[in-house]
Protein chains: 2
Amino acid sequence: MTDIGETTHPLDEATRIDWMEPGRGHGATHPAYGNMVGPFGGTTMAVLLRSVLDHPERRGVPFALTVNYCKAIQDGPFELRARLARDGRSVQHWVMELAQNGAVAATATAVTGSERETFSHQTVAAPKAPAFETVAPLSSNVRVAWLAAYDMRFFEGSGVFEAPEDSPPGSARTAMWLADKPARPLDFVSLAAMSDAFIVRLFHLRGRPALAGTVSITTYFYATQAELAAQGTRPLIATADAKVFRHGFHDQTGELWGADGALLATTTQTVWYKE
Amino acid sequence: MTDIGETTHPLDEATRIDWMEPGRGHGATHPAYGNMVGPFGGTTMAVLLRSVLDHPERRGVPFALTVNYCKAIQDGPFELRARLARDGRSVQHWVMELAQNGAVAATATAVTGSERETFSHQTVAAPKAPAFETVAPLSSNVRVAWLAAYDMRFFEGSGVFEAPEDSPPGSARTAMWLADKPARPLDFVSLAAMSDAFIVRLFHLRGRPALAGTVSITTYFYATQAELAAQGTRPLIATADAKVFRHGFHDQTGELWGADGALLATTTQTVWYKE
């Protein structure tokens, strides 16, 4: 829970769970994270991760999170279930579900485990970025509430989609500075939400909006709690790209880099699109 | 089911399910796909996908498959469950589980849906590869049965791990020709298995084997049944890489390319390693 002066951060409100018993609780969508229909997927991811982090049997930090968006979530309350499917020596496996009025709206799995010191290596360096202060904040023509919940500053690609219908495909790749707005110290909940804070690649590739939505997303975490605390409220560098658009689905990959050049999370999703 | 002359292909034997009722059945590990301990993860993925494909309520083709390996599977029989969590208009969401003696050994989710013709694009081309016939088949010093179930021909990196302990990290990237051995026409079951047919990146990066294993894997499919049929028994091009190794986990990404240059599947996994 993060207090901004006297108030609670909207992300903490959007991911608050009222527990009825361990593994069974209630949450609700939040207007600050509204999407075209229902809530921003990142808050759905974040609240599903929180359903595990809140669980009394959870040990350690998250390493993997997969969320499948099964149906459009309506604005309002929802039910959450989190079940420890396997409690291993080094890792725990979780199965979660988000439902509205008894109908499953999202299924999810997660892996948690103890922090360990091991061999460490990155094969890639963070992208070279102009200073945060020198990049203009996003002013998108996509009118959804959740974009205003982030400070996004594109330095490769843009969030403006005005290409004519007959434009040839451009680049699907973008790079941006990314931070919560208002500022909030980084933790796994916000990192999970940020891993879905990419506009779908189809918009970028074609330069115009389309009917599309994430169907399944997977994020892997490679950070300790101490590393997230060291990041604090500083913006991340967030890159995303796509390789293939076919038969109504496209891939999307993303990386979230800390201020010190560490790759904190990698993410991938498959996106449904209409045509 | 694929017949090789008078016999059934080992992959079909390894993924055969005896159904007790819709969504509840039995399978068994197969010696042709043995790993250091228990079975090759790719056959576990493939049999979990087959548990959905076999289901009488399944429509269309798979688009996404996530498998979490919860505990070491023992050689022998196992139980499978597949449940349709959400039957949407355009996609179906599945939740699956593999258990042995009542203990969950793998959890999984899948998305299936109808084949549709839409806008189509690839931002990347298949890697340039020397002709299959000119590349030497793998002769690895890793002694596991499943490697012999594939015809692997590395043209970037190798499957031989003999670097001294104090060697600096090398490249995690490999590229190879990949086919079932004996040959088998490509379908979603074999494509799922092949998406885990990469030796863990830590071996490649450090040039030597280590105690390591996949914890969670996600594969997205971008092919129709007709495209897989057109591929037939021709080898795929399979590339894999990794970006980050930290705190006992590393990422791994892979691509499976058809003979005509189409990206048929993308895959990512997080791998646990001891030290």
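Preceding block: the structure.
Here the residue numbers are simple positions, counted from 1 along each chain's written sequence. A letter from A marks each chain and a number from 1 marks each ligand, given out in the order of writing. Where local features are concerned, this predicted model is filtered to residues with pLDDT of at least 70; where side-chain atom pairs are given and counted, the filter is 80 or more; whole-chain, interface and lining totals use all residues. Only hydrogens and water are removed before side-chain values are computed, so all heavy atoms of the structure are retained for them.

Enquirer: Teacher, can you tell me more about unusual backbone geometry here?
Expert: Peptide bonds are mostly trans, and most non-glycine residues show a negative phi. All names here are of chain A. A cis amide bond links K181 with the next residue in sequence, P182, at an omega value of 0°. Positive phi, normally seen in glycine, also occurs at N101, with a value near 50°. Numbering of helices and strands starts at the N terminus; helices are DSSP runs of H or I of at least 4 residues and strands are runs of E of at least 2. Its place among the elements puts N101 in the loop between β7 (91-100) and β8 (103-113). A simple rule labels every residue: compare its accessible area, found with a 1.4 Å probe on the protein chains alone, to the largest value its type can have, and call it buried under 20%, exposed over 50%, or partly exposed in between. Classification of N101 by relative accessible area gives exposed; the value is 79%.

Enquirer: Even after reading the chapter, I still don't get the relation of the copies chain B and chain A, so can you show me in this structure?
Expert: Two copies of a chain can be linked by a rotation about an axis combined with a shift along that same axis. Copies are brought into register by a least-squares superposition over C-alpha atoms of residues with pLDDT of at least 70 in both. With an RMSD of 0.0 Å, the fit of chain B onto chain A corresponds to turning through 180° and sliding 0.0 Å along the axis. Read as a symmetry element, the transformation amounts to a two-fold axis. A share of 100% of the interface residues of chain B reappears at the interface of chain A, consistent with the copies meeting face to face through the same patch. The contact definition used throughout considers only heavy atoms, calling two residues in contact when any of these lie within 4.5 Å.

Enquirer: Help me understand the interface of chain B and chain A in this model?
Expert: How large an interface is tends to be reported as the accessible area lost when its parts come together. Each side of the interface is counted separately: chain B has 64 residues, and chain A has 64 residues. Between chain B and chain A lies a buried interface of about 5,600 Å² when both sides are counted; carbon and sulfur atoms form 59% of it. Any Lys or Arg side-chain nitrogen found within 4 Å of a carboxyl oxygen on Asp or Glu counts as a salt bridge. On inspection of chain B and its partner chain A, the count reaches six salt bridges. Put simply, E227 of chain A and R246 of chain B hold a salt bridge, and the shortest N to O gap is 2.9 Å. The definition of a polar contact used here is a pair of N or O atoms within 3.5 Å, where within protein one atom must be able to donate a hydrogen and the other to accept one, and adjacent residues in sequence count solely through side-chain atom pairs. The interface formed by chain B and chain A includes 50 residue pairs in polar contact (both at pLDDT 80 or more). Considering every element that reaches the side of chain B that touches chain A, the biggest residue donor is strand β16 (residues 263-273) of chain B, with eight residues. Under the grouping applied here, Gly and all other residues not named as nonpolar or charged are polar, the nonpolar ones being Ala, Val, Leu, Ile, Met, Phe, Trp, Tyr, Cys and Pro and the charged ones Asp, Glu, Lys and Arg. Residue composition of the side of chain B that touches chain A, by class: 29 nonpolar, 21 polar and 14 charged. Should DSSP find at least two bridges between two strands, the strands are taken to pair. Looking at chain direction, strand β9 (residues 121-122) of chain A and strand β14 (residues 244-246) of chain B are connected through two bridges and run antiparallel. When the bridges of β14 of chain B are listed, Q122 of chain A appears paired with V244 of chain B. By convention, the term buried area covers the 1.4 Å-probe accessible surface removed from two parts as they join, with the contributions of both added.

Enquirer: What is the right way to read the pairing of strand β3 (residues 18-21) of chain B from this model?
Expert: For a regular strand, side chains alternate in direction, first toward one face of the sheet and then toward the other. Residue and element names in this part refer to chain B. Pairing of β3 with strand β4 (residues 24-28), which is carried by three bridges, proceeds in the antiparallel orientation. Bridged to E21 within β4 is R24. Counting the residues in the hairpin turn of β3 and β4 gives two residues, including G23, whose phi is positive at 90°.

Enquirer: Is there a simple way to explain the pattern of salt bridges in this structure?
Expert: Once the charged atoms of two side chains with opposite charge are near each other, the side chains can pair. Residues and elements named next belong to chain A. Applying the stated criterion to the full structure yields 24 salt bridges over all chains. One salt bridge in this structure joins D12 and R50, with 3.5 Å as the shortest N-O distance. With D12 in helix α1 (residues 10-14) and R50 in helix α2 (residues 41-53), this pair connects stretches of sequence that are 38 residues apart. Judged by its relative accessible area of 1%, D12 is buried. Linked by salt bridges that have partners in common, D12, R50, R184 and D187 make up one network.

Enquirer: Quick question: what am I supposed to make of the pairing of strand β10 (residues 150-156) of chain B here?
Expert: All names here are of chain B. For β10, a buried count of five out of seven residues is recorded, marking the element as mostly surrounded by other parts of the structure. Looking at chain direction, β10 and strand β11 (residues 174-180) are connected through six bridges and run antiparallel. Residue pairing in the sheet places E156 in a bridge with A175 of β11.

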